[in-house]
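What follows is the residue order along each chain.
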Amino acid sequence: MAATSAKHAGTVTANDSDLVPAQQRRIALVAHDGRKQDMREWAEFNRDLLACHQLYATGTTGLILSDELGLPVTRFHSGPFGGDQQVGARIADGGIDLLVFFWDPMEHHPHDNDVRALLRVAVLWNIPVACNRATADFLISSPLMDSYALGRGPAT
């Protein structure tokens, strides 16, 4: 079997160019500085699949995805300048279906409160969240990506 990314050999592939999703999802992509290379590699491997969805990203992450990988991305501000809050607001408005957030657990960030708020709103609104490549591989290759009806409203 092919791998979904080089670091996860033995899993099912998700980057087949003939894959066309039955439902276009709105995917937010966020990566802290120490994880941007992981995001780039993951997105490059899954480029064809990601291109079938509406992509949103914060600052530099969006720039990398659009300039280096040629993906169409709606860019928000950089995380420390309100980008995390913009993504969270879009989730609360029902405009994001999936969050891929490669945050760096080993670094302190001046906007840690915004990071926690983004994760909190994603959980509150029942949005699938991937915080590392393994989970992102599971989500992007899941058959539920095409059939799962995402709820509109906070999980209570």
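Residues numbered from 1 in each chain as written. Predicted model: local features only at pLDDT ≥ 70, side-chain atom pairs only at ≥ 80, totals over all residues. Heavy atoms only, no water.

With respect to the confidence of the model for the protein chain
In step 1: Across the protein chain, the average pLDDT comes to 84, with 79% of residues at or above 70.
In step 2: Low confidence marks residues 8-20, where pLDDT is under 50. Its contacts with residues over four positions away, or in another chain, come to 31 contacts. (pLDDT = per-residue confidence, 0-100. Contact = heavy atoms within 4.5 Å.)

Some thoughts on the pairing of strand β2 (residues 54-58)
In step 1: Across the 5 residues that make up β2, a large majority, 4, are buried.
In step 2: Here strand β1 (residues 26-31) pairs with β2 via 4 bridges, running parallel. Among the inter-strand pairings, Ile-27 is bridged to a residue of β2, identified as Leu-55.
In step 3: In the sheet, β2 pairs with strand β3 (residues 73-76) via 4 bridges, with the strands oriented parallel. By the bridge assignment for β3, Leu-55 is matched with Val-73.
In step 4: In this fold, the crossover linking β2 to β3 by way of helix α3 (residues 59-68) has right-handed handedness. (Buried < 20%, exposed > 50% of the residue type's maximum accessible area, 1.4 Å probe, protein only. Helix = DSSP H or I, 4+ residues; strand = E, 2+ residues; numbered from the N terminus. Pairing = 2+ DSSP bridges. Right-handed = clockwise from strand over helix to strand, strands pointing away.)

So, the packing of aromatic side chains
Aromatic ring pairs are described here by two measures, namely the spacing of the ring centres and the angle between the planes.
In step 1: In this structure the tally under the stated criterion is 2 aromatic pairs.
In step 2: Centre to centre, the rings of Trp-42 and Phe-102 are 6.3 Å apart; their planes meet at 65 degrees, and the pair counts as edge-to-face. With a gap of 60 residues between them, Trp-42 in helix α1 (residues 36-45) and Phe-102 in strand β4 (residues 98-102) connect regions that are remote in the sequence.
In step 3: Looking at Phe-102, the relative accessible area reads 0%, which means it is buried.
In step 4: Taking 6.0 Å as the distance between ring centres and 15 degrees as the angle between the ring planes, the aromatic pair formed by Tyr-56 and Phe-76 counts as stacked. One end of the pair, Tyr-56, is in strand β2; the other, Phe-76, is in strand β3, and 20 residues separate them in sequence. (Phe/Tyr/Trp six-rings, centres within 6.5 Å; stacked < 30°, edge-to-face > 60°.)

Let's talk about the nonpolar core
In step 1: Ranked by internal contacts, the top residues of the largest apolar core, which has 21 residues, are Ile-27, Leu-29, Trp-42, Leu-50 and Val-100.
In step 2: Only β1, α1, α2 (47-50), β2, β4 and α6 (133-141) provide two or more residues apiece to this core.
In step 3: Grouped together as the second largest cluster of nonpolar side chains are 14 residues, Ala-28, Phe-76, Ile-91 and Ile-127 included. (Core = buried A, V, L, I, M, F, W, Y, C linked by side-chain atoms within 4.5 Å.)

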